[in-house]
Amino acid sequence: MNEKNAAYAAIACTVFGVGVVYLNLSLFGGVMAIALSVLGALGVGAVYVSFMMGYMAMPLVTGFLKVSEEIGGGYRIPPSQDAVVKDVGGTCHATMYMAVKFYESSTADAEAPLTSTYVDLWERSLSQIKFPFKFCLIAYLEDIAKYRERIEDKRYSATYKLGKERESGKPDALTLDKWEREIQRANAMLERLAEGEKPMGVVQYAVTTGIGANEGAAIAAARRQVGEIRSTAANALNVEIKPLRGEDMKRCFTWEHYIPPERADFVSSL
């Protein structure tokens, strides 16, 4: 059972308990039944919020309680939950992970091969970074049926919005162009699928390690390196680079050692 199924099961059990309370009001009494129902509703909300926003809530909780997490092999996650630290030969190593997101173009040729100019920008940005860092890319085959369905939904939505804009009293030329390009891009992607091309999903993240005499100094060094990577590579390549915390960071740490062998297992872990 993965985390998503566990969360849904917990919500279902709580809802079932609230239903039992309502069906047996005479056993609990009016005030008690209302109190239990409120607690049940709060429990449903707490489970849902902790599942959907746990990556934000847990670092706050562990930071407030000053709780560190031992994850084996000498590795430890500090209360801030933004690094993985380890003592190596009397010095402290702090490793931070960053999510890398490439922006999709709205043009029909958005997925064309990288040009030499783009590669030159990549090499130029790397030459400005004076310390080693790792850029990781995990590729997997998309579910073709679901992928086609998503593209068709996007095309239908763009077509609908384009029609609404044209029917308005004063259609905006930029808005019309936006939705026309979106339709062209969807059509081009569907044509490529019809020709037998298989869509690939990609997960990208970057890793850097800071070294210091103690945990605080190592984490501070790692944060400076993350800032430098974001200010160079992100701007040069027009990508979004965001530091990871909590469960997202631990997921990347796990991928350093193990990647689920099945596509469905990997996708469900995202």
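Report follows, based on the coordinates. (Residues numbered from 1 in each chain as written. Predicted model: local features only at pLDDT ≥ 70, side-chain atom pairs only at ≥ 80, totals over all residues. Heavy atoms only, no water.)

### As for the overall build of the protein chain
Right, so step 1: Within the protein chain, the secondary structure is distributed over 9 helices and 7 strands.
Right, so step 2: Residues classed as buried in the protein chain amount to 29% of the 270 residues present.
Right, so step 3: Sequence separation of 24 or more characterises 69% of the internal contacts of the protein chain that already satisfy a separation of 6 or more.
Right, so step 4: Here the protein chain has roughly 16,900 Å² of accessible surface; of this, 59% comes from carbon and sulfur atoms. (Helix = DSSP H or I, 4+ residues; strand = E, 2+ residues; numbered from the N terminus. Buried < 20%, exposed > 50% of the residue type's maximum accessible area, 1.4 Å probe, protein only. Contact = heavy atoms within 4.5 Å. Areas by Shrake-Rupley, 256 points an atom, 1.4 Å probe, with all protein chains shown as cover.)

### Notes on the side chain of Glu142
Right, so step 1: On the secondary structure map, Glu142 appears in the loop between strand 5 (134-141) and helix 5 (144-167).
Right, so step 2: Residue Glu142 is classed as buried on the basis of its relative accessible area, which comes to 16%.
Right, so step 3: The contact partners of Glu142, leaving out residues within four places of it in the chain, are Tyr147, Arg150, Pro199, Met200, Gly201 and Arg263.

### Digging into the pairing of strand 6 (residues 200-212)
Right, so step 1: Pairing of strand 4 (residues 91-102) with strand 6 involves 8 bridges; the strand directions are antiparallel. Considered in strand 6, the bridge of Met96 is made with Thr208.
Right, so step 2: Here strand 5 runs beside strand 6; their pairing, made up of 8 bridges, is antiparallel. By the bridge assignment for strand 6, Leu137 is matched with Gln204. (Pairing = 2+ DSSP bridges.)

### Describing the environment of Trp255
Right, so step 1: Note that Trp255 resides in helix 8 (residues 246-255).
Right, so step 2: Spatially, the C-alpha atom of Trp255 lies 9.2 Å from that of Ile138, the residues being 117 residues apart in sequence.
Right, so step 3: The contacts of Trp255, once residues within four sequence positions are left out, are Ile138, Val203, Tyr205, Pro260, Phe266, Ser269 and Leu270.

### As for the environment of Asp82
Right, so step 1: Tracing the backbone through its elements, the reader meets Asp82 in the loop between strand 2 (75-77) and strand 3 (84-88).
Right, so step 2: Classification of Asp82 as buried rests on a relative accessible area of 11%.
Right, so step 3: Here the alpha-carbon distance between Asp82 and Lys250, two residues 168 residues apart in the chain, equals 9.3 Å.
Right, so step 4: Setting aside chain neighbours within four positions, we find Asp82 in contact with Met96, Arg223, Leu244, Arg245 and Met249.

### Here we look at the nonpolar core
Right, so step 1: Among the nonpolar cores identified, the biggest contains 20 residues, and Ala94, Met96, Met98, Ile219, Ile229, Val239 and Ile241 are the most heavily contacted of them.
Right, so step 2: At the level of secondary structure, the elements contributing two or more residues to this core comprise strand 4, helix 7 (215-237) and strand 7 (239-243).
Right, so step 3: Among the elements that take part in this core, helix 7 stands out by supplying 8 residues, more than any other.
Right, so step 4: Excluding residues that lie within four positions of it along the chain, Met96 makes contacts with Asp82, Ala83, Ala206, Val207, Thr208, Ile219, Ala222, Arg223 and Val226.
Right, so step 5: Within the second largest apolar cluster, 15 residues are counted, among which are Tyr140, Val207, Leu244 and Phe253. (Core = buried A, V, L, I, M, F, W, Y, C linked by side-chain atoms within 4.5 Å.)

### Things to note about the pattern of salt bridges
Between side chains of opposite charge, pairing is possible as soon as their charged atoms come close.
Right, so step 1: Tallying each qualifying case throughout the model produces 10 salt bridges.
Right, so step 2: We note a salt bridge from Arg150 to Glu142, for which the minimum N-O separation is 3.5 Å.
Right, so step 3: The exposure class of Arg150 is partly exposed, given its relative accessible area of 39%.
Right, so step 4: Of the charged contacts in the structure, one is a salt bridge between Asp177 and Arg181, with a shortest N-O distance of 3.0 Å. With Asp177 and Arg181 both in helix 6 (residues 173-194), this residue pair falls 4 residues apart, about one helical turn.
Right, so step 5: Residue Asp177 is classed as partly exposed on the basis of its relative accessible area, which comes to 34%.
Right, so step 6: Judged by its relative accessible area of 33%, Arg181 falls in the partly exposed class. (Salt bridge = Lys/Arg side-chain N within 4 Å of Asp/Glu carboxyl O.)

### Here we look at the packing of aromatic side chains
Right, so step 1: In total, this model carries 5 aromatic pairs according to the counting rule given.
Right, so step 2: Judged by centre distance (6.3 Å) and plane angle (45°), the rings of Tyr97 and Tyr205 are tilted. Here Tyr205 lies in strand 6 and Tyr97 lies in strand 4, a separation of 108 residues in the sequence. Of the two residues examined, Tyr97 and Tyr205, each falls in the buried class.
Right, so step 3: Chaining the aromatic ring pairs together yields one cluster made of Tyr97, Tyr140, Tyr205, Trp255 and Phe266. (Phe/Tyr/Trp six-rings, centres within 6.5 Å; stacked < 30°, edge-to-face > 60°.)

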